[in-house]
Amino acid sequence: MSRFQDKVVFITGGTSGLGFETAQLFIHEGAKVFITDLEEPPEDCEAAIKACIKHYGRLDILFHNAGLCQSPASVVDQDPALYQKIINTNLFGYFYLAKFAIPQMEKQGKGAIIATASMAGVFGDYGFGSYGSSKAGIINLTRTMALDHAGAGIRVNCVCPGLMLTPMVAPITETPMLLELLEKVIPMGRGAHPGEVAKVVAFLASDDASYITGQAIIADGGLTASSGQPNFLKVFAEMQVLDA
Ligand SMILES: NC(=O)c1ccc[n+]([C@@H]2O[C@H](COP(=O)([O-])OP(=O)(O)OC[C@H]3O[C@@H](n4cnc5c(N)ncnc54)[C@H](O)[C@@H]3O)[C@@H](O)[C@H]2O)c1
């Protein structure tokens, strides 16, 4: 039995990277998927949710995945208009979509909401204040919405990917020196294929996660398991080689 047979799934940012992989997975498991992927102002979120409900007659799963990133810049150098745009797309869009999706899910007595946050929302990254604060906001909005709507049968969770090999990070992955730098600090030694994270999203959306709500699930190849200290196993092994 497919996990999402006849479920209606609404996905933002669904034509590329993680959104695309997740849409494929949902469709493969029987879902009807409604995708948006345009640089739309957040006000259009209401119209998009209404169009989905009108077309399919219901809404079971909301996956807010659309995201904008930034080039590294300190607050001093960051263009305020870009900061506003990132917050609008990443965080305000989540608020707005949920605002109009939740009443429908309440009517149905059940629903699952998932958002794409980031490890950059859990810890700080040099020069990524705009992106990081938008993703941190997603994590705490997730917790609050989970509390507010648990009684109505609605679960709300987010996924926090580390490096995923998608067009968003092409400036890094297409520059061998930068990719190597990043891979060196990831314990698993590689970025994720977006399909690996799509499986986490599908799990959170499914009844397999029926007792999970208000959580931020990190999928980062072990990166945030480290306190940031040097790898002393490696350092000591190299020192012994030098001593020998
Ligand atoms: N790639 C990574 O390393 C990485 C790491 C952590 C988190 N993320 C997050 O994963 C999510 C998916 O990104 P991706 O890596 O698949 O990148 P991607 O560039 O392949 O996909 C992002 C999609 O979002 C769409 N989008 C942007 N603004 C939109 C808007 N206002 N309305 C609708 N769609 C919009 C883009 O057109 C694009 O198709 C994003 O939220 C991103 O912040 C990515």
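Below is a short write-up of the structure. (Residues numbered from 1 in each chain as written. Predicted model: local features only at pLDDT ≥ 70, side-chain atom pairs only at ≥ 80, totals over all residues. Heavy atoms only, no water.)

### Quick look at the site of the ligand
Next up, step 1: The environment of the ligand is made up of 26 residues, and the closest members are S16, D37, L38, Y131 and T166.
Next up, step 2: The side chain of Y131 places a nitrogen or oxygen atom 2.6 Å from an oxygen atom of the ligand.
Next up, step 3: In the environment of the ligand, an oxygen atom lies 3.4 Å from a nitrogen or oxygen atom belonging to the backbone of G162.
Next up, step 4: Its free accessible area being 820 Å², the ligand has 89% of it covered by the protein chains.
Next up, step 5: Only α1 (17-28) and α4 (129-149) provide two or more residues apiece to the shell around the ligand.
Next up, step 6: Among the residues forming the shell around the ligand, the class breakdown is 11 nonpolar, 11 polar and 4 charged. (Near = heavy atom within 4 Å. Polar contact = N/O pair within 3.5 Å; in protein donor to acceptor, adjacent residues only side chain to side chain. Areas by Shrake-Rupley, 256 points an atom, 1.4 Å probe, with all protein chains shown as cover. Helix = DSSP H or I, 4+ residues; strand = E, 2+ residues; numbered from the N terminus. Nonpolar A, V, L, I, M, F, W, Y, C, P; charged D, E, K, R; others polar.)

### Digging into the layout of surface pockets
Next up, step 1: By volume, the second largest pocket is sized at about 450 Å³.
Next up, step 2: Considering the residues around the second largest pocket, the lining is formed by 18 residues, among which V185, L223, S226, G228 and Q229 are closest to the centre.
Next up, step 3: Listing elements by their share of the lining of the second largest pocket, those giving two or more residues are α6 (176-185) and α8 (232-243).
Next up, step 4: Grouping the amino acids of the lining of the second largest pocket by side-chain chemistry returns 8 nonpolar, 7 polar and 3 charged. (1 Å grid on protein atoms, 1.4 Å probe; cavity = no way out; pocket = protein on both sides within 12 Å on 5 of 7 lines; lining within 4 Å. Points joined across faces, edges and corners; volume = space filled by probe spheres on them.)

### A word on the nonpolar core
Next up, step 1: Formed by 29 residues in total, the largest nonpolar core has its most connected members in F10, I49, L59, L62, Y94 and I113.
Next up, step 2: Sorting the residues of this core by element identifies β1 (8-12), α2 (44-56), α3 (80-108), β4 (111-116), α4 and β5 (154-161) as the ones contributing at least two each.
Next up, step 3: Here this core takes 7 residues from α3, the largest share from any one element.
Next up, step 4: For I49, the contacting residues outside a window of four places in its chain are F10, L59, L62, L97, F100 and A101.
Next up, step 5: Counting residues in each nonpolar core, the second largest holds 23 residues, with V33, V159, V197 and A202 among its members. (Core = buried A, V, L, I, M, F, W, Y, C linked by side-chain atoms within 4.5 Å. Buried < 20%, exposed > 50% of the residue type's maximum accessible area, 1.4 Å probe, protein only. Contact = heavy atoms within 4.5 Å.)

### Quick notes on the side chain of Q104
Next up, step 1: Along the chain, Q104 falls in helix α3.
Next up, step 2: Those residues within four positions of Q104 in sequence are excluded, and the remaining contacts are I53, G57, R58 and L59.

### Structural notes on a nonpolar patch on the surface
Next up, step 1: On the surface, F232, V235, F236 and M239 cluster together into a nonpolar patch covering about 360 Å² of accessible area.
Next up, step 2: Locating V235 in the fold gives a position in helix α8.
Next up, step 3: By relative accessible area, V235 is classed as partly exposed at 31%. (Patch = residues over 30% accessible without salt bridge, like charges linked within 9 Å, V, L, I, M, F, W, Y side chains within 5 Å. Salt bridge = Lys/Arg side-chain N within 4 Å of Asp/Glu carboxyl O.)

### Here's the deal with the packing of aromatic side chains
Next up, step 1: What the rule picks out here adds up to 7 aromatic pairs.
Next up, step 2: For the ring pair F10 and F34, a centre distance of 5.5 Å and an interplane angle of 15 degrees mean the geometry is stacked. Remark: F34 occurs in strand β2 (residues 32-36) and F10 occurs in strand β1; sequence separation between them is 24 residues. The same class applies to F10 as to F34, namely buried.
Next up, step 3: Grouped by ring-pair contacts, the aromatic residues F92, F95, Y96 and F100 constitute a single cluster. (Phe/Tyr/Trp six-rings, centres within 6.5 Å; stacked < 30°, edge-to-face > 60°.)

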